[in-house]
Amino acid sequence: HVQLVESGGGSVETGQSLKLSCSASGHTRSSGCMGWFRQGQDKEREGVAAIGDDGTTTYADQVKGRFTISKDNAKKTLYLQMKSLKPDDTATYYCAAGPSRLPVPSMTSPRWYNYWGRGTQVTVS
């Protein structure tokens, strides 16, 4: 099995930055997609950013230009650099691992991902 553990969340003021990390362990593979998702209060889980096995990235419109997804394969760690945070970014952020053959439009769809972390809370006020 694959274990994903997020870290780096916290409470910040509008305009500040946070960097989330997701450490993978267990029966991992590097050929799949990885993504960040978030779920706000009384909202459905939505895709934030994703990165394919070929390095292709995609972002939700709400975070384009502010968030950057990256990964360090050697460290088996996924990152989400979040800048210029807004109150609307307040949510529980989850990292996830999925299959390798997702078309770009599907990469931010939660239903395609198989493994999930427990989430880390980000609060912006």
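Basis of the calculations
Residues numbered from 1 in each chain as written. Predicted model: local features only at pLDDT ≥ 70, side-chain atom pairs only at ≥ 80, totals over all residues. Heavy atoms only, no water. Phe/Tyr/Trp six-rings, centres within 6.5 Å; stacked < 30°, edge-to-face > 60°. Helix = DSSP H or I, 4+ residues; strand = E, 2+ residues; numbered from the N terminus. Buried < 20%, exposed > 50% of the residue type's maximum accessible area, 1.4 Å probe, protein only. Pairing = 2+ DSSP bridges. Contact = heavy atoms within 4.5 Å. Polar contact = N/O pair within 3.5 Å; in protein donor to acceptor, adjacent residues only side chain to side chain.

Draft legend 1. Representation of the packing of aromatic side chains in the model. A full pass over the atoms with the stated rule returns 4 aromatic pairs. When the ring of Phe 37 is compared with that of Trp 116, the centres are 4.9 Å apart and the planes differ by 55°; the resulting orientation is tilted. With a gap of 79 residues between them, Phe 37 in strand 4 (residues 34-39) and Trp 116 in strand 10 (residues 115-116) connect regions that are remote in the sequence. The buried category is assigned to Phe 37, whose relative accessible area is 0%. Its relative accessible area of 27% is what places Trp 116 among the partly exposed residues. Summarising the aromatic geometry, the rings of Tyr 113 and Trp 116 are spaced 6.3 Å apart at their centres and angled 65° between planes, so their arrangement reads as edge-to-face. Residue class for Tyr 113 comes out buried when judged on its relative accessible area of 5%.

Draft legend 2. Representation of the pairing of strand 4 within the structure. Taking burial as the measure, the 6 residues of strand 4 include 5 buried ones, the bulk of the element. Taken together, the 5 bridges between strand 4 and strand 5 (residues 46-51) define a ladder with antiparallel strand orientation. Within strand 5, the position partnered with Phe 37 by the bridge is Gly 47. Between strand 4 and strand 5, which pair antiparallel one after the other, the connecting turn spans 6 residues, and Asp 42 there sits at a positive phi close to 60°. Two elements, strand 4 and strand 9 (residues 91-97), share 6 bridges in a ladder whose sense is antiparallel. Residue pairing for strand 9: Arg 38 is matched across the bridge by Tyr 93.

Draft legend 3. Looking closely at the pairing of strand 8 (residues 77-82). Across the 6 residues that make up strand 8, a large majority, 5, are buried. Two strands pair when backbone bridges link them, and strand 3 (residues 18-26) and strand 8 are joined in this way by 6 bridges, in the antiparallel orientation. Paired with Leu 18 across the bridge in strand 8 is Met 82. Bridge analysis of strand 7 (residues 67-72) against strand 8 gives 6 bridges, and the strand direction is antiparallel. Within the sheet, the bridge partner assigned to Thr 68 lies in strand 8 and is Gln 81. Count of turn residues in the strand 7/strand 8 antiparallel hairpin: 4 residues, of which Lys 76 carries a positive phi of about 55°.

Draft legend 4. Layout of the environment of Val 2. Along the chain, Val 2 turns up in strand 1 (residues 2-7). Residue Val 2 is classed as buried on the basis of its relative accessible area of 16%. Considering only alpha carbons, one finds Val 2 and Thr 56, 54 residues apart in sequence, at a separation of 22 Å. Look past the residues within four positions of Val 2 in its chain and what remains in contact with it is Ser 25, His 27, Thr 28 and Tyr 115.

Draft legend 5. Region of interest: the side chain of Arg 38. Position of Arg 38 among the secondary structure elements: in strand 4. Residue classification places Arg 38 among the buried residues on the basis of a relative accessible area of 6%. At 2.9 Å, the side chain of Arg 38 and the side chain of Asp 89 are in polar contact. Polar contacts involving the side chain of Arg 38 include one to the side chain of Tyr 93, which spans 2.9 Å.

Honestly, it's all geometry; don't read function into it.
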